[in-house]
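Listed below are the residues making up each chain.
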Protein chains: 2
Amino acid sequence: MGLRDEILEQPAAVQRLLDSAPTAFAPISAALRARRPRFAVIAARGTSDNAGIYAQYLLAIRNGLIVALAAPSTITLYGAHPDMTGALVVGISQSGRSPDIIAVIEEARRQGALTIALTNDPDSPLAEMADHVVDVRAGPERATAATKTYTTELLAAALLSSALDPPSPGETADLARLPDLLSAALTVEPHARELAAAHAQRHRAVVLGRGYSYPSAREWALKLQELALVAAMPYSAADFEHGPLALAEPDIPVLAVAPSGPELEAQVALLTQLKQDHGARLLVISDSPAAREIDGGLALPDGIPPWLAPIVEILPAQLYAYHLTVARGLDPDHPRSIKKVTETR
Amino acid sequence: MGLRDEILEQPAAVQRLLDSAPTAFAPISAALRARRPRFAVIAARGTSDNAGIYAQYLLAIRNGLIVALAAPSTITLYGAHPDMTGALVVGISQSGRSPDIIAVIEEARRQGALTIALTNDPDSPLAEMADHVVDVRAGPERATAATKTYTTELLAAALLSSALDPPSPGETADLARLPDLLSAALTVEPHARELAAAHAQRHRAVVLGRGYSYPSAREWALKLQELALVAAMPYSAADFEHGPLALAEPDIPVLAVAPSGPELEAQVALLTQLKQDHGARLLVISDSPAAREIDGGLALPDGIPPWLAPIVEILPAQLYAYHLTVARGLDPDHPRSIKKVTETR
C-alpha cells in the first residue's frame, strides 16, 4: 500500500464513515440538542487544520456558528486560559497524538465545554481526553502524506454539522452520492499524470481557492510542498488581490480550485485577468468548462453539491501532486523530513 | 514621501496613537465594562489580517478571550448569518473601504453585537458602520505597501486589550517605551541593506515565527511577496514541522522572527536543525545573540516586552524587504499590480 493506493481508496473510506455515521453521531446529536453551543473552537495542525477551515466555513454557513481556529500556543507556551464556556470545542488529528491539540481539549474540558475529537485512532490520547470521539475510519494510513485521513476528516466535519442541524432530504441524498462522486473524480488520473509530466520543472506555484474551496487550495499547496518540494503559496483569492497579486507572472504558475458555486464568477474573472494581463499559466480544477478553458484544467464530475465540494475536489489535486512528485524523480511514499506524528508543544 | 520615509516615520506614528489613546479609548472602555464580551470576532484582509492574528493571540493570552478570525465570504458569498450575540466584533482596515469587512461589521451590528473599527480613515464607510472607531493616526500612507498603518493597527489592538483589562504599571511603562524601542530597531538599517544586497538573487524563502511572532512572519512574507516578488512562504514554526519542513534545503533560505520569550528555545532548536541537518541558510531577527549566531541575523534592541514584540520586530523585516526590492532593481514605491484599496466582496 503506497500513497497512490491510499488516494484511490478514498471512495471506500468515505463509504465506511458514512455507514458508521448513524451510530457514531447519535450521542453527539443528543449532546448538541441538550446544550446548543454559542460558538465553536477547532484545534488542529497541518492537513487537519485545513479540515478545520472547511468546518469553519460549513458551521458558519450551515449552522450559523462562529468558529475560531485555536492558536494552541496561547495555551501551551503562554499559559492562557481563554474562556470556552458554552463553546463546542473540536480537536482534529489523524494520529490523536499532537500534544498541543490535546492541551486545547484538556483546557476546554476543564472549563466544562463540550469536547469532540475527530481522529483516525479512537484509542489515542486525544480520543481519551474528549467527551465524544468520531473515528474517521480511514483505515491504516501508511504513506507519510495524509490523503484519506483528510477526506474522511472533511466528511466527519460535514456529519458534525448534520448532527447540529439535521440534513434536509436533499442533503441526505448529497451525502449518499459522495462515494460515487469521489470515484468519478479519480477518473481524471491519466490527465493529471500527463500534466504533471509536462510540469516537472516547475518549482514555484500560487494556489488559489475561495469560500469552501479555500481549504482545498491550502491542502493542495501542502501536498505540493511536502511531496513534490514545490514552493507553493496558497491564498484565498480575496487575500491574493490584496498584495501577492504582484507575484503573478509567467514563471509562477497559478493553480486554482474553482468549482461551480457562488464564488465561481469572481474566480473566473480573476483567473482570466491573471492569464491575459500577467501571462500566468493556469491549472484550474473545476466542473465548469469555462473555468478550465481559460488555460489548462482538470475536470471535476458534474453535480457536486457546493457544501461537500472540498471532499471531492481535492482528489484531482492529490493525483496531480502525486504524479508531479514521481515526475520530479522524488519518492512519494517516503518524502524527506516529514514525521507522521509531529509532537509540537 | 516614499516607502522608506514611511518605515522611518513609525516611531512618530506610534507616539501619535499613544498620545491620543486616553481620549480615543475612554468610550470603548466604558462600553466594554457595560457588556463584557463572551468571545471576539475580527474581520480583516491582507496586512490588516496579520494585525488581526496578533490581536487573536493577545486577547487570548492577556484577556482570556477566544478570537475568531472572520471568513467574510461566508456572509458575502454564502449569505450566512453566524451568531455574534455577545461578541466583540472588530473590523481592521487601513482604508476602511473593503466591502467584505464592512459586511461583517454590518451583520454584527444588525445582531446587536458591540462593533469597533480600527482604521486610518475615521470618515470611511467602515468607521461609519461601527459603534466605535479608533483612528490609528498613521497619517497619509502614500506607498502602496502598508507599513506604518500595520504597526499602528498592532498598537491599536494592544490598546484595545488594555481597554478590556487595564494595564499594570509595568505594562503602562512598556507602552510608553515603544517609540524609543522602534527608533532603536531602525538602527539596523545599514546591516539590513548589506544583507539584502547579498541576497538579491534569492527568489524563494520560508518565513517562520511562533506565538506572538507568527503574525510577524506572515507580514514579513507579505512584504517580500508584494515588493521584492520573492516566493515567500510563511508558517508558524509548529505547522512547518507538520510537513513543509521537507522544503528545507540550501536553495530555500529560511527567515525567522525569534525574539526572547517562551517560544525562543523551541525556535532555536528548529533553526539549528535546519542549519545543521538541511544546510538551510538562515536570517534570524532576534534580540538573542544565540538565535542570530546560528547563521545570519538582524539584531533587535534589548528589553522588548513579549506582548508588544510584533510592533518592534517587524521594522527590521520591513527594512530588509525594502532594500531587497531595491537590490533586485524593482521600485518599492510603485510595486506592480497592487491596489491600495482592494474591493473584494
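Okay, so let's go over this structure.

Cut-off values and rules
- Residues numbered from 1 in each chain as written.
- Chains lettered and ligands numbered in written order.
- Predicted model: local features only at pLDDT ≥ 70, side-chain atom pairs only at ≥ 80, totals over all residues.
- Heavy atoms only, no water.
- Least-squares fit on C-alpha atoms with pLDDT ≥ 70 in both.
- Contact = heavy atoms within 4.5 Å.
- Helix = DSSP H or I, 4+ residues; strand = E, 2+ residues; numbered from the N terminus.
- Buried < 20%, exposed > 50% of the residue type's maximum accessible area, 1.4 Å probe, protein only.
- Salt bridge = Lys/Arg side-chain N within 4 Å of Asp/Glu carboxyl O.
- Axes fitted to C-alpha atoms, helices over the stretch in contact; angles between N-to-C directions.
- Parallel < 35°, antiparallel > 145°, perpendicular 65-115°, else oblique.
- Left-handed = near helix turned anticlockwise from the far one by under 90°.

## Things to note about the relation of the copies chain B and chain A
Move 1: Of the transformation superimposing chain B on chain A, the axial component is 0.0 Å and the angular component is 180 degrees, with the fit at an RMSD of 0.0 Å. The superposition operator between the copies reduces to a two-fold rotation axis. Residue B:Ala68 of chain B places its C-alpha closer to the rotation axis than any other residue of that unit, at 1.9 Å.
Move 2: Looking at the interface residues of chain B, 100% of them are also at the interface in chain A, so both copies use one shared face.

## Structural notes on the environment of A:Val41
Move 1: Structurally, A:Val41 is set in strand 1 (residues 39-43).
Move 2: A relative accessible area of 1% means that A:Val41 is categorised as buried.
Move 3: Considered as a pair, A:Val41 and A:Ala87 are 46 residues apart in the sequence and their alpha carbons are 6.9 Å apart.
Move 4: Contacts of A:Val41, omitting those with residues within four sequence positions, involve A:Ala68, A:Ala70, A:Met84, A:Ala87, A:Leu88, A:Val89, A:Val90 and B:Ile66.

## Here we look at the pattern of salt bridges
Move 1: Counted according to the given criterion, the structure contains 30 salt bridges over all chains.
Move 2: In this structure, the salt-bridge partner of A:Lys275 is A:Asp295, at a minimum N-O distance of 3.3 Å. Pair noted here: A:Lys275 is in helix 12 (residues 264-278) and A:Asp295 is in the loop between helix 13 (289-292) and strand 10 (296-299), with a separation of 20 residues, a long-range link.
Move 3: Overall, the relative accessible area of 30% leaves A:Lys275 in the partly exposed class.
Move 4: On the basis of relative accessible area, A:Asp295 is assigned to the partly exposed category, the value being 31%.
Move 5: Between B:Glu226 and B:Lys223 there is a salt bridge, and its shortest N-O distance comes to 3.1 Å. Here B:Lys223 and B:Glu226 lie together in helix 10 (residues 214-226), a separation of 3 residues that amounts to about one turn.
Move 6: Residue B:Lys223 is classed as buried on the basis of its relative accessible area, which comes to 1%.
Move 7: Residues joined by salt bridges that share partners form a network here, namely A:Glu9, A:Arg16 and A:Lys148.

## Details of the packing of helix 9 (residues 189-198) of chain A against helix 14 (residues 309-327) of chain A
Residues and elements named next belong to chain A.
Move 1: The geometry of helix 9 relative to helix 14 is characterised by a closest axis approach of 8 Å and an angle of 40 degrees between their N-to-C directions. Comparing the axis directions of helix 9 and helix 14 gives the class oblique. As helix 9 runs across helix 14, the sense of the crossing is right-handed. Where helix 9 approaches helix 14, its residues Glu189, Ala192, Arg193, Leu195, Ala196 and Ala197 are matched on the opposing element by Leu319, Tyr320, His323, Leu324 and Ala327.

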